[in-house]
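Okay, here's what each chain looks like letter by letter:
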Amino acid sequence: MKITFWGAARTVTGSMHHLQVDGKNYLLDCGLYQGRRKDAEHRNRDLPFPARSIEAVVLSHAHIDHSGNLPTLVRNGFDGPIYTTPPTVDLCQSMLRDTAHIQESDTKFVNKRLERRHRSGGEMVEPLYTMEDAEKTLPLLRPVKYHTPQQVGASFSYQAYDAGHMLGSSAVVLEVEGQRLIFSGDVGRVHLPILRDPEVMPTADYLIMESTYGDRLHKDEGLVADRLADVINRTAARGGKIIVPAFAVGRTQQLVLLLHELTDRNRIPRIPLFVDSPLAVNVTDAFRKNSDYFDAETRAYLLNNGDPFGFKMLTYIREAAESKKLNDLHGPFVVISASGMCEAGRILHHLRNNIEDPRNTVLITGFQAENTLGRKLVEKWPEVNIFGEPMRVRAEVASLLELSGHADQRELIEWLAPVSPNLKKIFLVHGEPPAQQALAKLIEERYRIPVAIPARGESFNPGL
Ligand SMILES: [Zn+2]
């Protein structure tokens, strides 16, 4: 067995690990790399191996940084099975189509500008992949339930465990030539709305482990529902609007469920709630279809109260024209829209229309990366640019970061405990170097297990 780390190596995006077993090639994840435009273009487009040589892919979960480059693999000739959990298959239907749509429309926009510049017909850019490539990828997805051993090659099988990170997310236990290798995927947290807690993992010989929050501890700021109710109540009392940037997949459904519960219990006034995102609409249908995978609380809710993602005060908005109508509507109301870091999409229009009014609140619900508009809002910049125009931030900015889907340092160390007794080596992936170094140090002190932090393209032969 040989492992080569091609993505999420000393960074948090583009998860992709190449496994060679018995002279055959397999991939763990095939995610989209997001970073500086030039790097991203090259890394996503130029695969470091022939796509045709890959026999099969095992996919940990639907997030685009894990699944989003599968259509490039298919575009380059891969036609083998992509094994993953049933909810991940359903989520990928809308997420991969959505990503293909973005690739196509971004390219169209760039080409239009190029055309205007060189009327004679200069070089045009091509999308990373098209809707057709995405459509060819979807039938290759093979649903395999948690705890169902799946044979992948002659001496290679795996079983998925619930990682508690998003609906259908898995930590993958691989049995390769008599050795056990675990790939953590993204490790979640206990008590997240909708999701089951991360499962207790078995022992293993080798571990590929994520390290996003390897140097951080999540703050415990009390119950998320209480804090959400406070924000809604004080904004509603001012007659303001609550603008919530949120990832369409996962975070939006968690917020809808929390707001549904708060409304039922009369802990917040009956104000309208809008989910303004076509992707969120489609993904919510995939959630409804996979209620078997919810945690016990959400299943009980479903039984007693009906659809957790639909209630009288809630409207889902698909069309842009409907979204624009919200501009003329008076508060109080809540609008949840993407993108989660306020970098693109409809949320920018809502921010532009509402950020200068002190009655309103912008409610941040997830990690905001450096240089994003969301980060500037969290850091309380007095003025920000939206669509190139300077705007004064007079709305309240509140944060609700308890919904983070990633384990922090203490939770990662706890997740590792049952895996650790016979571990020979840990490979840390999916983290920025300072987070990885901090976590490596702690693991070496606590468990006395050697830790490697592989660079992109680095290979290891475990067992040799
Ligand atoms: Zn993830």
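First things first, this report covers the structure right here in the doc. Sequence order as written defines the numbering, with residues in each chain counted from 1. This being a predicted model, a pLDDT of at least 70 is required before a residue's local features are given, and a value of 80 or more before pairs of side-chain atoms are given or counted; all residues contribute to the totals for chains, interfaces and linings. The basis for every side-chain value is the complete set of heavy atoms in the structure, and neither hydrogens nor water enter the calculation.

### Description of the layout of surface pockets
Turning to step 1, where the next piece is worked out: As a volume, the second largest pocket reaches approximately 1,200 Å³.
Turning to step 2, where the next piece is worked out: Every definition here rests on a 1 Å grid over the protein atoms only: cavities are sets of points where a 1.4 Å probe fits but cannot get out, pockets are open sets enclosed by protein on both sides within 12 Å along at least five of seven lines, and lining residues have some atom within 4 Å of a point. As for the second largest pocket, its lining consists of 42 residues, and the residues nearest its centre are Arg189, Val224, Leu401, Glu402 and Leu403.
Turning to step 3, where the next piece is worked out: Helix and strand assignments come from DSSP, with helices taken as H or I runs of at least 4 residues and strands as E runs of at least 2, each series counted from the N terminus. Of all elements in the fold, only α6 (224–237), α7 (251–264), α9 (296–305), α12 (373–378) and α13 (409–416) reach the threshold of two or more residues within the lining of the second largest pocket.
Turning to step 4, where the next piece is worked out: It is α7 that provides the largest number of residues to the lining of the second largest pocket, a total of four residues. Grid points are joined across faces, edges and corners, and a volume is the space filled by probe spheres set on the points.

### Considerations on the coordination of the zinc ion
Turning to step 1, where the next piece is worked out: Sites may look incomplete because water is not among the atoms; the donors themselves are N, O and S atoms within 2.8 Å of the metal, or within 3.2 Å for Na, K and Ca. The protein atoms that coordinate the zinc ion are His61 (NE2), His63 (ND1), His165 (NE2) and Asp186 (OD), at distances spanning 2.2 to 2.3 Å.
Turning to step 2, where the next piece is worked out: Think of it this way: with four donors and all angles in the 85 to 135 degree range, the site is tetrahedral; with four or six donors, opposite ones beyond 155 degrees and the rest between 65 and 115, it is square planar or octahedral; otherwise it is irregular. Considering all four donor atoms around the zinc ion, the spread of angles at the metal, 89 to 172°, places the coordination shape in the irregular class.

### Side note on empty space enclosed by the protein
Here the idea is plain: a probe the size of a water molecule rolls over the atoms and shows the empty space left.
Turning to step 1, where the next piece is worked out: Tallied over the entire structure, the rule returns three cavities of 30 Å³ or more.
Turning to step 2, where the next piece is worked out: Roughly 90 Å³ of volume is contained in the largest cavity.
Turning to step 3, where the next piece is worked out: Taken together, Trp6, Gly7, Gly14, Met16, Gly31, Tyr33, Arg43, Asn44, Pro48, Asn69 and Arg456 make up the lining of the largest cavity.
Turning to step 4, where the next piece is worked out: Of all the elements in the fold, those that place two or more residues in the lining of the largest cavity are β1 (2–7) and α1 (37–45).
Turning to step 5, where the next piece is worked out: Charged residues are taken to be Asp, Glu, Lys and Arg, nonpolar residues to be Ala, Val, Leu, Ile, Met, Phe, Trp, Tyr, Cys and Pro, and polar residues to be all remaining types, Gly included. Residue composition of the lining of the largest cavity, by class: four nonpolar, five polar and two charged.
Turning to step 6, where the next piece is worked out: Volume-wise, the second largest cavity comes out at about 60 Å³.
Turning to step 7, where the next piece is worked out: Tallied by class, the residues present in the lining of the second largest cavity amount to nine nonpolar, one polar and no charged.

### A look at the packing of aromatic side chains
Turning to step 1, where the next piece is worked out: What counts as a ring pair is set by centres within 6.5 Å for rings of Phe, Tyr and Trp (its six-membered ring), and what kind of pair is set by the plane angle: stacked under 30 degrees, edge-to-face over 60, tilted for all other angles. Enumeration over the complete set of coordinates arrives at nine aromatic pairs.
Turning to step 2, where the next piece is worked out: Consider the rings of tyrosine 83 and tyrosine 158, whose centres lie 6.3 Å apart with planes at 50°: the pair is tilted. Taken as a pair, tyrosine 83 in strand β5 (residues 82–84) and tyrosine 158 in strand β8 (residues 156–162) lie far apart in primary sequence, 75 residues in all.
Turning to step 3, where the next piece is worked out: A residue is classified by how much of its surface remains accessible, and tyrosine 83, at 11% relative accessible area, is buried.
Turning to step 4, where the next piece is worked out: Residue classification places tyrosine 158 among the buried residues on the basis of a relative accessible area of 3%.
Turning to step 5, where the next piece is worked out: Taken together, the ring pairs connect Phe5, Phe427 and Phe460 into an aromatic cluster.
Turning to step 6, where the next piece is worked out: Across from the ring centre of tyrosine 33, 4.3 Å away, lies the NZ or CZ of arginine 43, which sits over that ring. Using a 1.4 Å probe on the protein chains alone, a residue whose accessible area is under 20% of its type maximum counts as buried, one over 50% counts as exposed, and one in between counts as partly exposed. For a Lys NZ or an Arg CZ to count as sitting over a ring, it must be within 6 Å of the ring centre and within 35 degrees of the ring normal.

Everything listed here is a matter of coordinates, which is why it stays silent on function.
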